[in-house]
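# Observations on chain architecture
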Amino acid sequence: MIGDRFGRSSAARFVARIEAVAHAARVRSAINTPYAGGHVLERHANPARNIHAIQLEFDRSLYLDRRRDQPGPGLEATAALLRAILDAVADEALPLANAAQ
């Protein structure tokens, strides 16, 4: 789940990059459904000031065992997916940060 408070907490390009990474990894994703993000995004995000915030939620079945109480066989793949998402967002954000300096 990718939450951006229906576009209020992040520029769409960041969400698009995350969605593309999930798609490339063949992981189903949804934007703002069933969760759009909560207090942290509402309180701290300010895209107009280049403060973008996105909430990610991963289905526990991706990384936990069947009982959902121990790491499962998908843990490494889920960690790699998260790393790829972070790299994609950084790739999108760094030009903005460098331009602001």
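One can find the structure itself at the top, above this paragraph.
Residues numbered from 1 in each chain as written. Predicted model: local features only at pLDDT ≥ 70, side-chain atom pairs only at ≥ 80, totals over all residues. Heavy atoms only, no water.

For the rest of this paragraph, the subject is the pattern of salt bridges. Taken as a whole and judged by the stated rule, the model has six salt bridges. When the shortest N-O distance is used, the salt bridge between Glu-92 and Arg-13 registers 3.6 Å. Here the residue Glu-92 occupies a position in helix α3 (residues 75-100), and Arg-13 occupies one in helix α1 (residues 12-24), the gap between them amounting to 79 residues. Owing to a relative accessible area of 34%, Arg-13 belongs among the partly exposed residues under this scheme. The partner of Asp-87 in a salt bridge is Arg-83, and the shortest N-O contact between them spans 3.1 Å. Residue Asp-87 and its partner Arg-83 are located together in helix α3, separated by four residues, close to a single helical turn. Residue Arg-83 is classed as partly exposed on the basis of its relative accessible area of 46%. Within this structure, Arg-13, Arg-17, Asp-91 and Glu-92 form a network of salt bridges that share partners. (Salt bridge = Lys/Arg side-chain N within 4 Å of Asp/Glu carboxyl O. Helix = DSSP H or I, 4+ residues; strand = E, 2+ residues; numbered from the N terminus. Buried < 20%, exposed > 50% of the residue type's maximum accessible area, 1.4 Å probe, protein only.)

The subject of this paragraph is the environment of Pro-73. As for its position among the elements, Pro-73 is in the loop between β2 (55-56) and α3. The class of Pro-73 is exposed, set by a relative accessible area of 84%. In sequence terms Pro-73 and Ser-61 are 12 residues apart; their C-alpha atoms lie 9.8 Å from each other.

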